[in-house]
Amino acid sequence: MKDIPVEVTARTTNDWFGRFAASSSGWLGSKWAFAGAGLVIVTWAITGPLFHFSDTWQLVINTGTTIVTFLMVFLIQNTQNRDARAINLKLNELIRAVDKARDQMIDIENLSDLELDELQVRYEKIRVACNDRMKKSAVRSEN
């Protein structure tokens, strides 16, 4: 099963939101977007005395930041989902390519929380056993 060739072909899709989210998150995560946001805050603060620090003046920044935050949540989540999926696929390929790796670990992100808990306990036992072997080996080499 390890020698099954996997061929990936690039293709264009009509995933307009995915493309929009990728380009937006790239731009909105830049130093220029941060500088622009800082400039908006400074401009808002400077205009405070002109509007006598009114409720409307405060409402403008509160509404603006709420709307931006609300929309950014969806962009960030889309980007995180895509990144997590790509990382999982890369890990699946590494598992597939390594002869001693267990193929059962491919796509474990689809397991239930209980199944993941069982795997975690199993690997914690392996780690403890490995640490014990290393300690015993270190004691032997000292003698």
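Residues numbered from 1 in each chain as written. Predicted model: local features only at pLDDT ≥ 70, side-chain atom pairs only at ≥ 80, totals over all residues. Heavy atoms only, no water.

What follows deals with the overall build of the protein chain. When its secondary structure is counted, the protein chain shows 4 helices and 0 strands. The C-alpha atoms of the protein chain give 26 Å as radius of gyration, which overshoots the globular expectation for 143 residues (15 Å, by more than 25%). When burial is assessed residue by residue, the protein chain has 11% of its 143 residues classed as buried. Long-range contacts, defined as pairs at least 24 residues apart, comprise 45% of the intrachain contacts of the protein chain with a sequence gap of at least 6. With the model as given, the accessible surface of the protein chain reaches about 12300 Å², and the carbon-plus-sulfur share is 64%. With 17 positive and 17 negative side-chain charges, the protein chain shows a separation of 6 Å between the mean positions of the two kinds. (Helix = DSSP H or I, 4+ residues; strand = E, 2+ residues; numbered from the N terminus. Rg over C-alpha atoms; globule rule 2.2 N^0.38 Å. Buried < 20%, exposed > 50% of the residue type's maximum accessible area, 1.4 Å probe, protein only. Contact = heavy atoms within 4.5 Å. Areas by Shrake-Rupley, 256 points an atom, 1.4 Å probe, with all protein chains shown as cover. Lys, Arg positive; Asp, Glu negative; His and termini not counted. Charge placed at Lys NZ, Arg CZ, Asp CG, Glu CD.)

Residues Ile67, Phe70, Leu71, Val73 and Phe74 make up a contiguous nonpolar surface patch of roughly 520 Å² in combined accessible area. Residue position: Leu71 is located in helix 3 (residues 55-97). (Patch = residues over 30% accessible without salt bridge, like charges linked within 9 Å, V, L, I, M, F, W, Y side chains within 5 Å. Salt bridge = Lys/Arg side-chain N within 4 Å of Asp/Glu carboxyl O.)

Per the stated rule, a full pass over the model turns up 1 salt bridge. For Glu93, the salt bridge goes to Arg96, with nearest N and O atoms at 2.7 Å. Here Glu93 pairs with Arg96, and both are found in helix 3, just 3 residues apart, close to one helical turn. Taking relative accessible area as the criterion, Arg96 reaches 19% and is therefore assigned buried.

So, about the packing of helix 2 (residues 31-46) against helix 3. Any two packed helices are characterised by how steeply their axes cross, that is the angle between the axes, and by the distance between the axes. One can describe the packing of helix 2 onto helix 3 by two numbers: an axis separation of 11 Å at closest approach and a directional angle of 175°. Compared by their axis directions, helix 2 and helix 3 come out roughly antiparallel. Contact residues: helix 2 offers Ile41, Trp44 and Ala45, while helix 3 offers Trp57, Gln58 and Ile61. Partitioned by chemical class, the residues of the contact of helix 2 with helix 3 number 5 nonpolar, 1 polar and no charged. (Axes fitted to C-alpha atoms, helices over the stretch in contact; angles between N-to-C directions. Parallel < 35°, antiparallel > 145°, perpendicular 65-115°, else oblique. Nonpolar A, V, L, I, M, F, W, Y, C, P; charged D, E, K, R; others polar.)

Turning our eyes to something else, we now look at the side chain of Thr79. Looking at where Thr79 falls in the secondary structure, it is placed in helix 3. There is a polar contact of 3.3 Å between the side chain of Thr79 and the side chain of Ser25. (Polar contact = N/O pair within 3.5 Å; in protein donor to acceptor, adjacent residues only side chain to side chain.)

This paragraph deals with the packing of helix 1 (residues 16-28) against helix 3. At a minimum axis distance of 9 Å, the contact between helix 1 and helix 3 shows a crossing angle of 105°. Judged by the angle between their axes, helix 1 and helix 3 are roughly perpendicular. Of the residues in helix 3, those touching helix 1 at Phe17, Gly18, Phe20, Ala21, Ala22, Ser24, Ser25 and Leu28 are Met72, Phe74, Leu75, Asn78, Thr79 and Arg82. Looking at the contact of helix 1 with helix 3, its residues break down into 8 nonpolar, 5 polar and 1 charged.

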